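Structural overview
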Amino acid sequence: MSAGLLAGKVALVTGAGSGIGRATCRLLARDGAKVIAADRNLQAAQQTAQELGSDRSAALEVDVSSAKSVQGAVAEALKAFQVAPSIVVNSAGITRDGYLLKMPERDYDDVYAVNLKGTFLVTQAFAKAMIEGQLSGGSIVNLSSIVAKMNNIGQANYAATKAGVISFTEVASKEFGKFGIRVNCILPGYIDTPMVAVVPDAIKQQVVQRCPLGRLGQPEEIAEVIAFLASPQSSYVNGAAIEVTGGLK
Ligand code: NAD
């Protein structure tokens, strides 16, 4: 991507206090966007925003699983740069792995609430703001996962939500196309972030062996594809689910 392609745009990234979300904030700012770093962990979001500079970034606290909190985030985001974000990246996500016969209902509900309902709430609220603001060239990027296709044992809750994100993305792309808003999702492989840091080493080794590139991915390698999907260079890409896995299937 080249610097300046996102000049004049405002982007909002959830999960911006860590991993892929934080790397995405850096690259969207590199490409000229003003960036709102949103996270349930306000301090972490503030760290991300501080790194980018206060003239071109802002931090806000949001719990994507709460409609009320998301509504508040829309109001805060509008205040930050006096215009609704036309780029929204749904990167907030959690795992609560466990075998089905022992999975507490709470672990199923929590993963659903953040990964799938959160994607819905943020997408709906910010798409409305884009449409009301009559913004052109909107782009929403959702984070699914290759786990939606690998369907690993011990990840029924996570796999189901990430498969749901693919369907949700496709429907949203069909409904929002007429407003000039594109909606796409990415299926990352195993990326070296705090989320994967808790995966047992034996499983990470298996992943690396199965991956044709023979390594984990870096958050910037996902963020580059997000920056592309956010930019006019992907102007005819809509409803896509793009695997970024080093070839891991
Ligand atoms: P991460 O754990 O490093 O960061 C997730 C961020 O989301 C954290 O800052 C956390 O505070 C925030 N968050 C969690 N719940 C939230 C909520 N309710 N509201 C707002 N913020 C919340 O994770 P990551 O590796 O950067 O993953 C980012 C996204 O990419 C997730 O959706 C994840 O499922 C997906 N993904 C990651 C990988 C990977 O290997 N790391 C692979 C495939 C998909």
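Residues numbered from 1 in each chain as written. Predicted model: local features only at pLDDT ≥ 70, side-chain atom pairs only at ≥ 80, totals over all residues. Heavy atoms only, no water.

As recorded by an unreviewed UniProt entry, the chain carries the name (3R)-3-hydroxyacyl-CoA dehydrogenase and is attributed to Drosophila kikkawai. Looking at the Subcellular location (unreviewed entry) heading of the UniProt record, one finds this comment for the chain: "Mitochondrion matrix". The chain has a UniProt comment under Sequence similarities (unreviewed entry) that states "Belongs to the short-chain dehydrogenases/reductases (SDR) family." (UniProt positions renumbered as here; feature names shortened; annotations may be inferred.)

1. Quick look at helix H9 (residues 219-230)
One turn of an α-helix holds 3.6 residues; hence residues three or four places apart share an orientation. The first and last C-alpha atoms of H9 sit 16 Å apart over twelve residues, in line with the 16 Å expected at 1.5 Å per residue. Of the residues making up H9, those classed as buried are Pro219, Ile222, Ala223, Val225, Ile226, Ala227, Leu229 and Ala230. Buried residues along H9 sit against helix H1 (19-30), strand E4 (87-90), strand E5 (138-143), strand E6 (181-188) and strand E7 (241-244). (Helix = DSSP H or I, 4+ residues; strand = E, 2+ residues; numbered from the N terminus. Expected span 1.5 Å × (residues − 1). Buried < 20%, exposed > 50% of the residue type's maximum accessible area, 1.4 Å probe, protein only. Contact = heavy atoms within 4.5 Å.)

2. Side note on the environment of Pro212
Note that Pro212 resides in the loop between helix H8 (201-210) and H9. Those residues in contact with Pro212 that sit more than four places away from it in its chain are Gly246, Gly247 and Leu248.

3. Points about the UniProt feature "domain: Ketoreductase" (unreviewed entry) in the chain
Under the UniProt annotation, the feature "domain: Ketoreductase" (unreviewed entry) is placed at residues 9-189. Helix makes up 50% of residues 9-189 and strand makes up 19%, while its end C-alpha atoms are separated by 29 Å.

4. Examining the pattern of salt bridges
Summed over the entire model, instances satisfying the criterion amount to eleven salt bridges. A salt bridge links Glu221 to Arg215, with the shortest nitrogen-to-oxygen separation between them at 2.8 Å. When salt bridges with common partners are traced through the structure, they connect Arg26, Glu51 and Glu220 into a single cluster. (Salt bridge = Lys/Arg side-chain N within 4 Å of Asp/Glu carboxyl O.)

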